[in-house]
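Observations on the model geometry
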Amino acid sequence: MRSEQGKVGSGQPSSMDRRELLRLAGLSSLAMFARPALFGAEAEVDVDLMLTASPGETALLPGAPTQVWRFAGSLVKGPADTLQVLPGSYLGPVIRLRTGQRVRVRFVNKLGEASIVHWHGLDVPESCDGHPRLAIADGAEYVYEFTVTNRAGTYWYHPHPHMRTGPQVYRGLAGLVLVRDAEEEALSLPSGDAELFCVLQDRRFDRRNQLVYSSGGMMGGMDGFLGDRVIVNGQAETIRNIDTGWLRVRLLNGSNARIYQLAWSHGLQMAVIGGDGGLFERPRVQAALTLAPGQRADVLLDLSAIDAGTEVNLESRAFNEADAGRAGMMGMNSAVPNGAPLRVMTLRTRRHLAPPFQLPARLSAFDASWTVQGDARVRRVPLAFLGMQWTIGGRTFVMNEVAADEIVSAGSTHIWEFVNVAGRMGVQAAHPMHLHGRQFRVLSRNGSGSNSLRDGISDAGWVDTVLVLPGETVRVQVPFSRHLGTFMYHCHILEHEDMGMMRNFRVV
Ligand code: C2O
Ligand code: CU
Ligand code: CU
């Protein structure tokens, strides 16, 4: 394992000053001990949850149960369908929220090591963002209080402690957050039995059914850790019985490092209706969908022409391993490298019972509200392997460091240009770049050469994670939040993140 060592060529770090540190210390102790002060009266939240992370076990494979870590939830206050426990799963409960709700989550850490929860995709205040400096010790409690301001969409939660995100997520600590709003409800999208959510995670098991993981050294860190089989929703069962009408499938790539290029059997096309930040303006019909770690997709599938009793497969189709990168140990990391074809899950159709549904031509008015500001400044952010580390803008993560070009003013819009350049000896990888708390737009993507993963990338709508392929330059336009403070941006290959491919940005 790498220790918490120096940064590579960091520019002009303006380290967080003492006052700032005290302010943050104050924030977290406020949250822990004086919680009513944050929202005024104690009872003002709409949803109140307990979320406890602890070791446990689950029957994933035939034979011995698998030791996992997981989130268990309990509902203190709120609508009865707020928490959905997935039977036999290592994943945390699905948390169903609604735009506008005020939410309190009491997180209890019983892992035996430090942890903190991050709400991936949600625009929350600094104290709720799960920055590693806010990690709490084993036995401690951290209280989150925030208002759901995001639109309807598929979001998720996972731990974010310093250098331990990869192993903690891999052991099972993750869960979905499904937000709904009036705009989405007005579409009457397929629901109930006609709506599936699928958290895709690859895992490797030893002969006694225990999870195998290594993040140390070159093996894990350079390429990211890959499993050799896909687990869907943290459950053993990957066959679903569904009706032969329209189906809504919400996908999350919750894997540490694997990139999927998803396609359905029987020549089924998918109508992609949304991404990380909710619904697109219009559906996009695609045969393949590239989904990198951290990314979500909302997909409608028309199964009405499929006979009952058919098995429809979701597969990650074969692609050239080099399209996901050219790191040193390529192919030696896993028996099933990136690009190897993988069965994800199977839908077994039964007689059509679903009510008729027509794919709407227009899904959301939201995209139309976006105006590009002509004079936004462009910040160039090279991604490269330098000095044996993955770097962002030539730097690696330092807990309290924010460089001058990482400071933005609240409510401002910036263009960041991620440039994926080859490091020494041509070492290069695809990096899913993620910003905390913000949904942004992809303005352009320029790539040299052909890359089969590009086929499945739509770059539509609002995203919080954008895949930057080797040799590509991807421009994104980010409207920064009104929430002040220090947030992070990083590569969502969790081993890259843990190795330091992460930086702070500060909203002032
Ligand atoms: Cu899901 Cu900091 O990330
Ligand atoms: Cu995030
Ligand atoms: Cu990366």
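Positions within a chain are numbered from 1, following the residues in the order the chain's sequence is written. Here every chain gets a letter starting at A, and every ligand a number starting at 1, in the order they are written. Local features in this predicted model are restricted to residues of pLDDT 70 or higher, and side-chain atom pairs are both shown and tallied only at a pLDDT of 80 or more, whereas totals for entire chains, interfaces and linings draw on every residue. Side-chain descriptors were evaluated using all non-hydrogen atoms of the structure, hydrogens and water having been removed beforehand.

A separate point is unusual backbone geometry. Of note, Asn209 is a non-glycine position whose phi angle comes to about 70 degrees, a positive value. Secondary structure elements are defined from DSSP: runs of H or I of at least 4 residues count as helices, runs of E of at least 2 residues count as strands, and each element is numbered from the N terminus. By secondary structure assignment, the location of Asn209 is in the loop between β11 (195-203) and α5 (217-221). If you check the backbone angles, Asn233 has positive phi at about 60 degrees while not being a glycine. Looking at the secondary structure, you find Asn233 in the loop between β12 (229-232) and β13 (239-243).

Donor criterion used throughout: N, O or S atom within 2.8 Å of the metal, extended to 3.2 Å for Na, K and Ca. Water excluded; incomplete-looking sites may result. Within the first shell, the copper ion (ligand 2) binds the protein through His118 (NE2) and His434 (NE2), at distances of 1.9 Å. On the criterion of sequence distance, the pair formed by His118 in strand β7 (residues 117-120) and His434 in strand β27 (residues 431-435) is long-range, its members being 316 residues apart. Each residue is placed in one exposure class: buried if its accessible area under a 1.4 Å probe, protein chains only, is under 20% of its type's maximum, exposed if it is over 50%, and partly exposed if it falls in between. Note on His118: relative accessible area 0%, which makes it buried.

Pairing within the open sheet is mixed, and its five strands lie in the order β25-β32-β31-β27-β29. Where the open sheet ends on each side, the last strands, each with one partner, are β25 (407-408) and β29 (465-468). We treat two strands as partners when DSSP finds at least two bridges between them. Taken together, the four bridges between β27 and β29 define a ladder with antiparallel strand orientation. Bridge pairing in β29 links Pro432 to Leu467.

Time to look at the confidence of the model for the protein. For the protein, the mean per-residue pLDDT works out to 89, and 86% of the residues sit at or above 70. Every residue is assigned a pLDDT by the predictor, reflecting its confidence on a scale from 0 to 100. Any two residues having at least one pair of non-hydrogen atoms within 4.5 Å are treated as being in contact. Segment residues 1-23: pLDDT under 50, and 53 contacts once partners within four positions in sequence are set aside and those in other chains are kept. Of the regions scoring below 50 in pLDDT, residues 28-37 engages in 17 contacts with residues more than four places distant in sequence or in other chains.

Each Phe, Tyr or Trp ring, with Trp reduced to its six-membered ring, pairs with another whose centre is within 6.5 Å; inter-plane angles below 30 degrees give stacked pairs, above 60 give edge-to-face pairs, and intermediate values give tilted ones. Counting across every chain of the model gives 17 aromatic pairs. Plain terms: the ring middles of Trp119 and Tyr144 are 5.6 Å apart, the flat faces sit at 85 degrees to each other, and that makes the pair edge-to-face. With Trp119 in strand β7 and Tyr144 in strand β8 (residues 141-147), the pair connects residues that are 25 residues apart, well separated along the chain. Tyr144 shares its class with Trp119; the two are buried.

The next subject is the coordination of the copper ion (ligand 3). Within the protein, the atoms that donate to the copper ion (ligand 3) are His431 (ND1), Cys491 (SG) and His496 (ND1), at distances of 2.0 to 2.1 Å. All donors of the copper ion (ligand 3) belong to a single chain; written as a sequence motif, their spacing is H-x59-C-x4-H. Taken together, the residues span a long stretch of sequence, with His431 in strand β27 and His496 in helix α6 (residues 494-499) at a distance of 65 residues. On the basis of relative accessibility, which here comes to 0%, the residue His431 falls in the buried class.

Another aspect to go through is the pattern of salt bridges. Basic side-chain nitrogens of Lys or Arg form a salt bridge, by our definition, when they fall within 4 Å of a carboxyl oxygen of Asp or Glu. Inspection of the entire model under this criterion finds 32 salt bridges. Taking the shortest distance from any N to any O, the salt bridge between Arg98 and Glu185 comes out at 2.8 Å. Residue Arg98 is found in strand β5 (residues 94-98), and its partner Glu185 is found in helix α4 (residues 182-185); the two are separated by 87 residues along the sequence. By relative accessible area, Arg98 is classed as partly exposed at 30%.

With that out of the way, let us pick up the environment of Leu49. Secondary-structure assignment places Leu49 in strand β2 (residues 47-58). In this structure Leu49 comes out as buried when scored by relative accessible area, which is 2%. Distance in space between the C-alpha atoms of Leu49 and Leu75 is 4.8 Å, their sequence separation being 26 residues. Dropping the residues within four chain positions of it, Leu49 is found in contact with Ser74, Leu75, Val76, Thr82, Leu83, Ile95, Arg104, Val105 and Arg106.

Before going further, it helps to spend a moment on the sheet that holds β8. Here four strands make up an open sheet; going across it, the order is β3-β2-β6-β8 and the pairing mixed. Two strands in the sheet have a free side with no partner beyond their single neighbour: β3 (66-77) and β8. When strand polarity is set aside, the average angle formed by the axes of neighbouring strands in this sheet is 20 degrees. Note that β2 and strand β6 (residues 102-109) share seven bridges and pair parallel. Bridge assignment links Leu49 to a residue of β6, and that residue is Val105. Lines fitted to C-alpha atoms define the axes, with helix axes restricted to the stretch in contact, and inter-axis angles between N-to-C directions lie between 0 and 180 degrees.

Before going further, it helps to spend a moment on the side chain of Glu406. Structurally, the position occupied by Glu406 is in the loop between β24 (401-403) and β25. Once residues within four sequence positions are removed from consideration, Glu406 is found in contact with Arg379, Arg395, Tyr489, Arg503, Asn504, Phe505 and Arg506.

The next point concerns the side chain of Thr349. Secondary-structure assignment places Thr349 in strand β21 (residues 342-350). A polar atom in the side chain of Thr349 sits 2.9 Å from the backbone nitrogen of Thr310. In contact with Thr349, other than residues within four places in its own chain, are Ile242, Thr244, Ile306, Asp307, Ala308, Gly309, Thr310 and Val312. Pairs of N or O atoms are called polar contacts if they sit within 3.5 Å, as long as, within protein, a hydrogen donor faces a hydrogen acceptor (for residues adjacent in sequence, only side-chain-to-side-chain pairs).

For the rest of this paragraph, the subject is the pairing of β6. β6 sits mainly inside the fold: seven of its eight residues count as buried. Relative to β8, β6 is paired through seven bridges, and the arrangement is antiparallel. Paired with Arg106 across the two strands is Val143, which belongs to β8.

In this fold, Val478 is placed in strand β30 (residues 473-479). Look at Val478 and you get buried, because its relative accessible area is 0%. For the pair Val478 and Gln439, spaced 39 residues apart in the sequence, the C-alpha separation amounts to 7.2 Å. For Val478, the contacting residues outside a window of four places in its chain are Ser412, Thr413, His414, Leu435, Arg438 and Phe440.

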